[in-house]
Amino acid sequence: MITVPDGFGEGLGDGAGEWVAKLPKLATKACARWRLAPDDALMNGFCAVVLPVRQADGHPAVLKLTWVDAETEHEPLALKLYDGNGAVRLLDHDAELGALLLERLDPHSLDDEPIDLAVGVIGDLLRRHRGIQAPDGIRRFASSLAEHPAVPRTLLDAAREAGTRPMGTTLVNEDLHYENVLRGDREPWLVIDPKPLAGDPEYCMIPLLWNRFDELDGHRGLTDRFLAICDAGELDADKARDWTLHRAVANWIWSLEEDLGEMAAVCGEIARWAART
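> Outline helix α8 (residues 261–276), listing residues and values.
Its 16 residues place the ends of α8 23 Å apart at the C-alpha level, agreeing with the 22 Å of an ideal helix rising 1.5 Å per residue. Turning to α8, its buried residues are Ala264, Val266, Cys267, Gly268, Ile270, Ala271, Trp273 and Ala274. Taken together, the buried residues of α8 touch α4 (153–162), α5 (207–210), α6 (218–233) and α7 (237–257).

Below, the structure written as structure tokens:
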């Protein structure tokens with residue numbers, strides 16, 4: 001039924017190869033369960049494939065098959081809590097298959113829109129979702145910053161200190177960024193692919209800085225976008241700065257370990273900016 005793109009699944013972790021090999025069978029089972037007919041070409045991200053389908057009544061939808069780990073396992077629960085409010089609607093879910101049946105959206109994302117419009121939309125979504133409390137069982141933030149010779153001790157210490165701040169219990173999407181907000185019919189813009197976490201709304205800041213980073217005018221540009229997001233989303237700037245610093249250093253170290261030089265450079269730049277702000 002589906003042909004998985006070459007290279008998909010690399011970097012996902014132990015057992016990913018076996019899961020990728022089973023994807024055609026999982027798609028067949030999910031389509032049989034929900035009486036779905038494939039309707040367009042398969043798409044994929046880093047940890048999921050998405051198949052446009054038609055339901056038995058002819059309505060369009062998408063079948064999403066996700067690599068389930070600590071970051072993705074509660075995506076269905078987050079979508080249920082959002083209940084279509086500013087987010088893609090979850091039509092059904094099969095935990096055994098790792099399958100989600102979702103409403104179909106236009107692939108046009110906020111990444112294709114002017115940054116001022118994108119920040120305004122993101123801010124509106126943040127305000128709408130800030131009152132949703134994370135239920136028991138949703139993973140919570142845990143600080144674990146290792147040593148790395150390329151990361152200055154002063155930045156590492158500052159990031160560790162920032163990670164000791166008390167955390168809230170709001171449902172936070174730690175992977176909220178411009179490509180993960182798509183055009184919809186029910187609403188102009190809807191969030192997809194939430195990576196839920198119990199914490200402060202401000203924890204979501206850094207993906208909004210490192211995405212479209214090349215559009216920023218140095219540290220002044222970082223400051224301007226940071227403050228614009230804080231203003232649009234009614235975020236606490238001090239908390240947002242602390243979590244940005246912590247996550248920048250954490251992702252800097254991870255990028256260095258994974259030999260992702262460009263991403264490491266961006267995270268290092270954000271970390272230095274946050275430490276001085």
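> Tell me about the pairing of strand β3 (residues 48–54), residues and numbers included.
Working note: regular strand, side chains alternate between the two faces of the sheet. Within β3, five of the seven residues are buried, which leaves the element mostly enclosed by the surrounding structure. In this structure, strand β1 (residues 37–38) lies alongside β3, joined through two bridges in antiparallel fashion. From the neighbouring strand, Ala37 faces β3, where its bridge partner is Arg54. Pairing of strand β2 (residues 43–44) with β3, which is carried by two bridges, proceeds in the antiparallel orientation. Bridging across to β3, Met43 finds its partner in Val50. Here β2 hands over to β3 after three residues, the two strands then running antiparallel side by side. Here β3 pairs with strand β4 (residues 60–66) via seven bridges, running antiparallel.

> Residue-level account of unusual backbone geometry, with values.
A positive phi angle is found at Asp83, which is not glycine, with a value near 55°. With respect to the secondary-structure elements, Asp83 resides in the loop between α2 (75–82) and β5 (90–94). Residue class for Asp83 comes out exposed when judged on its relative accessible area of 53%. Of note in this structure, Asp259 is not a glycine but carries a positive phi near 60°. With respect to the helices and strands, Asp259 occurs in the loop between α7 and α8. Accessibility expressed as a relative area gives 68% for Asp259, which makes it exposed.

Rules behind the numbers
- Residues numbered from 1 in each chain as written.
- Predicted model: local features only at pLDDT ≥ 70, side-chain atom pairs only at ≥ 80, totals over all residues.
- Heavy atoms only, no water.
- Helix = DSSP H or I, 4+ residues; strand = E, 2+ residues; numbered from the N terminus.
- Expected span 1.5 Å × (residues − 1).
- Buried < 20%, exposed > 50% of the residue type's maximum accessible area, 1.4 Å probe, protein only.
- Contact = heavy atoms within 4.5 Å.
- Pairing = 2+ DSSP bridges.

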